[in-house]
Amino acid sequence: MPDGNDSSYKREDQQEGLPNTQEPAHADNASPGASTSSVLAFCEQIRKDAQAEIETILGRARHAAERKGEDALKEAERISREGKTAAEAQGKRIQTRATSGVSLEMKKMILRARGEIIQEVLARVRDRLQKTRATKEYSDFLKELTVQAIVGLDEEDCIIA
């Protein structure tokens, strides 16, 4: 291993192109200010590189956040559309049930009304028949029907009981 005074020997940071922060004590025309300025320049470069890296990372983070925000917005819109579609379908089902219920109720009312009308007509017919049976015209009408029935039999003898 070469000693620190060997000029053919370079440290790793010098091989990567970084400034030499440890100048040999015996360097020609080296002043303490030159060493400090190279360290300051090196620090400034590190700061600039770090700032650039920060800007790059922040840019990527902003871009990723925007993408995620857009994706979230799209997802929210999709969910909203699905919710609206589901609500419309539910509304139609409710409307159909309500309409069917009203229609069924109307049919029941119509059937009840028909039944009441039929009962009223039958009651009137019974009353009229009872009133008609009590009249002489009804008795005469039955006799006439009986005679027509006997004549229609076309028999010589007929017994009426």
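Small disclaimer: the values here were computed from a predicted structure and weren't measured.

### Observations regarding the overall build of the protein chain
Consideration 1: Scanning the protein chain from N- to C-terminus turns up 3 helices and 0 strands.
Consideration 2: Order of helices (α) and strands (β) in the protein chain, N terminus to C terminus: α-α-α.
Consideration 3: Burial status across the protein chain gives 1% buried among its 161 residues.
Consideration 4: For the protein chain, the accessible surface area stands at approximately 14,500 Å², while carbon and sulfur atoms represent 57% of it.

### Focus on unusual backbone geometry
Consideration 1: Residues other than glycine seldom take positive phi values, yet D154 does so here, at roughly 55°.
Consideration 2: Its location among the elements puts D154 in the segment after α3 (136-153).
Consideration 3: The class of D154 is exposed, set by a relative accessible area of 69%.

### Some details on the pattern of salt bridges
Consideration 1: Using the criterion set out here, one finds 6 salt bridges in the structure.
Consideration 2: With a shortest N-O distance of 2.6 Å, E44 and R47 are connected by a salt bridge. With E44 and R47 both in helix α2 (residues 32-133) and 3 residues apart, this pair spans about one turn of that helix.
Consideration 3: Given a relative accessible area of 32%, E44 falls into the partly exposed group.
Consideration 4: Among the charged side chains, a network of salt bridges with common partners joins E75, R78 and E82.

### Regarding a negative patch on the surface
Consideration 1: Taken together, the side chains of D154, E155, E156 and D157 present a region of like negative charge at the surface.
Consideration 2: Within the element layout of this structure, E155 appears in the segment after α3.
Consideration 3: The exposure class of E155 is exposed, given its relative accessible area of 56%.

### Re α3
Consideration 1: Between its terminal C-alpha atoms α3 stretches 26 Å, which fits the 26 Å expected from 18 residues at 1.5 Å a residue.
Consideration 2: Two residues or fewer past α3, D154 is found with a positive phi of approximately 55°.

### Focus: the confidence of the model for the protein chain
Consideration 1: Residue-level pLDDT values for the protein chain average 82, and 79% of them are 70 or greater.
Consideration 2: No element of the protein chain has a lower mean pLDDT than helix α1 (residues 12-15), which averages 44, and none a higher one than α2, which averages 92.

### Quick word on a nonpolar patch on the surface
Consideration 1: Residues I117, V121, V125 and L129 make up a contiguous nonpolar surface patch of about 350 Å² in total accessible area.
Consideration 2: Inspection of the secondary structure assignment puts V121 in helix α2.
Consideration 3: Given the relative accessible area of 45%, V121 is considered partly exposed.

Here is what the cut-offs are and how they apply
- Counting restarts for each chain: residues are numbered from 1 in the order of the written sequence.
- Local features in this predicted model are restricted to residues whose pLDDT is 70 or higher, and side-chain atom pairs enter the listing and the counts only when it is 80 or higher, whereas totals over whole chains, interfaces and linings include all residues.
- For side-chain calculations, the full set of non-hydrogen atoms in the structure is used, while hydrogens and water are omitted.
- Here a strand is any run of E in DSSP of at least two residues, a helix any run of H or I of at least four, and the numbering for each starts at the N terminus.
- Between buried and exposed lies partly exposed: a residue is buried under 20% and exposed over 50% of the maximum accessible area for its type, with that area taken using a 1.4 Å probe on protein chains only.
- Here, Shrake-Rupley sampling with a 1.4 Å probe gives the accessible areas, and only protein chains in the shown set may cover a residue.
- A pair is scored as a salt bridge if a Lys or Arg side-chain nitrogen falls within 4 Å of a carboxyl oxygen belonging to Asp or Glu.
- Only residues whose relative accessible area exceeds 30% and that take part in no salt bridge are eligible for patches, with like-charged residues grouped when within 9 Å of each other and nonpolar side chains (Val, Leu, Ile, Met, Phe, Trp, Tyr) grouped when within 5 Å.
- The convention is simple: Lys and Arg are positive, Asp and Glu are negative, and His and the chain ends are not counted.
- By convention, the point assigned to a charge is CZ for Arg, NZ for Lys, CD for Glu and CG for Asp.
- Any helix carries an expected span of 1.5 Å times its number of residues minus one.
- Values of pLDDT, ranging from 0 to 100, describe the predictor's confidence in every residue of the model.

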